[in-house]
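Here are the chains, one letter per residue:
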Amino acid sequence: MDKIVFFDGECGLCNRVVDFFIRSDTSKTLYFSSLQSPFAIRFFENRGIAIQLDTIYFYHNRQIYDQSAAVKQLFLCLTGYRHLVGILIGLTPKNFADYVYRKISKNRFKFFGKTTCRIPSKEEKMRFLEY
């Protein structure tokens, strides 16, 4: 499991983002874990990282990306026009991209609501790391 997406399982926007990446990852190489799961808690504790629930994390090639860098790397793992989105994010100055990310993150519950942790379908279960 070289590509793991960590997300706030109680965030409506985050759950929609996960749905998007599940549909877009035709090679099925992305794995997912809510930040509230025992797996994520152990994963970050073992690395001495304090989890920030308002941040998406992406573990890839033994590196942990967060905020806009995580989003960029996720898109770069996809094919077609979605890959180009990652390239475009990479062309944006990181400070500005992170600023936009933080603005959206700060208002995510206001615009997208709060939800319970996402329950994967039967087909998706193998791609969720929860325990």
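Definitions and cut-offs
- As a convention, each chain's residues are numbered from 1 in the sequence order in which they are written.
- Reporting of local features is limited, given that this is a predicted model, to residues whose pLDDT is at least 70; pairs of side-chain atoms are given and counted only at 80 or more, and all residues count toward the totals for whole chains, interfaces and linings.
- With hydrogens and water excluded, all non-hydrogen atoms of the structure serve as input to the side-chain values.
- Helix and strand assignments come from DSSP, with helices taken as H or I runs of at least 4 residues and strands as E runs of at least 2, each series counted from the N terminus.
- C-alpha atoms define the radius of gyration in this analysis, and the globule rule sets the expected value at 2.2 Å times the number of residues to the power 0.38.
- In what follows, a contact means two residues having at least one pair of non-hydrogen atoms within 4.5 Å.
- Shrake-Rupley sampling with a 1.4 Å probe provides the accessible areas, and residues are treated as covered by the protein chains on show and by no other component.
- For the charge count, each Lys or Arg is scored as positive and each Asp or Glu as negative, with His and the chain ends excluded.
- Positions of charges follow a simple convention, taking NZ of Lys, CZ of Arg, CG of Asp or CD of Glu.
- Only protein chains enter the accessibility calculation, which uses a 1.4 Å probe; a residue whose area is less than 20% of its type maximum is buried, one above 50% is exposed, and one in between is partly exposed.
- DSSP calls a pair of strands paired once it identifies at least 2 bridges connecting them.
- Here the expected length of a helix is defined as 1.5 Å per residue gap, with one fewer gap than residues.

Enquirer: For this particular structure, what's the right way to read the overall build of the protein chain?
Expert: Looking only at helices and strands, the protein chain has six helices and four strands in total. Put simply, the protein chain runs from its N terminus to its C terminus through helices and strands in the order β-α-β-α-β-β-α-α-α-α. Taken against the 2.2 N^0.38 rule, which gives 14 Å for 131 residues, the C-alpha radius of gyration of the protein chain at 14 Å falls within 12% of a compact globule. When the backbone C-alpha atoms are referred to their principal axes, the protein chain occupies close to 35 × 30 × 30 Å. Across the protein chain, every contact between residues at least 6 apart in sequence was considered, and the portion connecting residues at least 24 apart equals 66%. For the protein chain, the accessible surface area stands at approximately 7,900 Å², while carbon and sulfur atoms represent 58% of it. Here the protein chain contributes 20 positively and 12 negatively charged side chains, and the mean placements of these two sets differ by 3 Å.

Enquirer: What is the right way to read the environment of Asp 98 from this model?
Expert: With respect to the secondary-structure elements, Asp 98 resides in helix H5 (residues 94–106). Assessed through its relative accessible area of 9%, Asp 98 is described here as buried. Along the backbone, Asp 98 and Ile 22 are 76 residues apart, and their C-alpha atoms lie at a distance of 23 Å. Non-local contacts of Asp 98, meaning those with residues more than four positions away in its chain, are made with Gln 67, Ser 68 and Ala 69.

Enquirer: What exactly am I supposed to notice about the pairing of strand E1 (residues 3–7) here?
Expert: Of all the five residues making up E1, five are buried; the element is thus mostly covered by neighbouring parts of the structure. Neither face of E1 is open: one carries Lys 3, Val 5 and Phe 7, the other Ile 4 and Phe 6, and all of them are buried. Pairing analysis gives four bridges linking E1 to strand E3 (residues 57–60), with the strands arranged antiparallel. Bridge pairing in E3 links Lys 3 to His 60. Bridge count between E1 and strand E2 (residues 31–34): four bridges; the pairing is parallel.

Enquirer: Sorry, what's going on with helix H1 (residues 12–24) here?
Expert: Each turn of an α-helix holds 3.6 residues, which means side chains three or four residues apart point in the same direction. The end-to-end C-alpha distance of H1 is 18 Å, a good match for the 18 Å that 13 residues give at a rise of 1.5 Å each. When we look at burial in H1, the residues that qualify are Gly 12, Leu 13, Cys 14, Asn 15, Val 18, Phe 21, Ile 22 and Ser 24.

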